[in-house]
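Listed below, chain by chain, are the residues.
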Amino acid sequence: SFTPGDVAMFGGAVLRLGSMLEDTTLAISGSMEEVLHISALRAFFGLKPSASTGGSLVPATLRGDIELRNVSFTYPGVREPTLSDISLRIRPGETVALAGQNGAGKTTLVKVIARLYDPDQGQILLDGIDLREYDLPALHRRIAFLLQDSGRFEATVGENIAYGDWRRLIGDQMRLKELARLAGVDDMIERMPRGYETLVGQMFGEYDLSGGQWQRIALARAFARDAALLILDEPSSSLDARAEYQLVSRFRELASGRTTILISHQLSTVSLADRIIVLDRGRVVEEGTHQELLALTGHYATLYDLYQRQQRRRELPGRGEIADPTR
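Below, the structure is looked at part by part. (Residues numbered from 1 in each chain as written. Predicted model: local features only at pLDDT ≥ 70, side-chain atom pairs only at ≥ 80, totals over all residues. Heavy atoms only, no water.)

**Details of the nonpolar core**
Part 1: Counting 41 residues, the largest nonpolar core has Ile161, Ile189, Ile217, Ile276 and Tyr300 as the members making the most contacts within it.
Part 2: If you look at the next biggest cluster of nonpolar residues, it comprises 31 residues, including Ile66, Leu83, Ile231 and Ile261. (Core = buried A, V, L, I, M, F, W, Y, C linked by side-chain atoms within 4.5 Å. Buried < 20%, exposed > 50% of the residue type's maximum accessible area, 1.4 Å probe, protein only.)

**Some points on the sheet that holds strand β9 (residues 229–233)**
Strand pairing in a sheet is mediated by backbone hydrogen bonds. Such pairs are either parallel or antiparallel.
Part 1: With respect to topology, six strands assemble into an open sheet ordered β6-β9-β10-β3-β11-β12, the strand pairing being mixed. Here the strands that pair on one side only, and so sit at the sheet edges, are β6 (143–146) and β12 (283–288). The mean angle between the axes of side-by-side strands here comes to 15°, regardless of whether they run parallel or antiparallel.
Part 2: Pairing between β9 and strand β10 (residues 259–263): five bridges, direction parallel. Bridging from a neighbouring strand, Ile231 pairs with Ile261 of β10. (Pairing = 2+ DSSP bridges. Helix = DSSP H or I, 4+ residues; strand = E, 2+ residues; numbered from the N terminus. Axes fitted to C-alpha atoms, helices over the stretch in contact; angles between N-to-C directions.)

**Regarding unusual backbone geometry**
Backbone phi values are negative for most residues with the exception of glycine, while trans is the configuration of most peptide bonds.
Part 1: A positive phi angle is found at Asp85, which is not glycine, with a value near 50°.
Part 2: Structurally, the position occupied by Asp85 is in strand β2 (residues 83–90).
Part 3: For Asp85, a relative accessible area of 46% corresponds to the partly exposed category.
Part 4: Its identity is not glycine, yet Thr297 carries a phi of approximately 50°, on the positive side.
Part 5: Inspection of the secondary structure assignment puts Thr297 in the loop between α12 (290–296) and α13 (299–314).

**Some thoughts on the layout of surface pockets**
Part 1: Empty space within the second largest pocket amounts to approximately 390 Å³.
Part 2: Lining the second largest pocket are 18 residues, with Ala144, Phe145, Leu146, Arg221 and Arg225 sitting closest to its centre.
Part 3: Elements with a minimum of two residues in the lining of the second largest pocket: β6 and α8 (211–224).
Part 4: For the lining of the second largest pocket, the leading source of residues is β6, giving four residues.
Part 5: Residues belonging to the lining of the second largest pocket are distributed by class as follows: eleven nonpolar, four polar and three charged. (1 Å grid on protein atoms, 1.4 Å probe; cavity = no way out; pocket = protein on both sides within 12 Å on 5 of 7 lines; lining within 4 Å. Points joined across faces, edges and corners; volume = space filled by probe spheres on them. Nonpolar A, V, L, I, M, F, W, Y, C, P; charged D, E, K, R; others polar.)

Next comes the structure, spelled out in structure tokens:
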């Protein structure tokens, strides 16, 4: 008894109903996914800082004398400790490099020393005083920290450097130029449309920078702070060979007068340190100067041999080699 028109109307209604049900199902599943994100966001906002702020000591001056006594640290939800029973001493003004394979605990160690994390066991002393007795914001103002993923601020290039010590440096053009020279970015900045007043960044900037240029700006920002402790985590990771060589050549001048902890997979840079501490699976396995560790023919000597082989493979035929500062 159905007419062709009835069949056409019924078929169209079924198709529309199926489409509506499909859209409804997608909307419900999408809402459920968003609810999961909201719950994760609520959990994130509920987190508390791992390092307590209970200390009240505000240091007028710091010498940068660091001592670790049986320090261990394990990340939440992980069974194996990242750091295990580490004891070491870093003298004021000394440059110490941390060497080891990925996952050895180098970055975690410097974060614990900077009190971004508190150790599960053991004690860290700065100038003979437990880190937990210092006022945390005051302590962090005396530490300069350059991470592998450096900050990129939508501001002028001069402000990007001055953010290292904003109150002291903003408006001090002479000091900004000196820091840029030390970091090897002064020529680059002078070539920008408005020099130190050039806005940089992709969002609002009139001039964008490469990864290596951002890294050198971040390096200048780290040295801008009047810090007793300087921590450099892979400072040359985004630099080309020439920029890395310039950084290595100026390293002594840059680190002068500060206790410096350096992490780098470029062992030619590591070799410039006064002392090298070798980590493996969260433990200190070797310690000494570059030449002393090579003479041991142990863990560091193996890493250095692999590094030298890798450097030789990277050399292109007909290209001059940049001088190795360890030679």
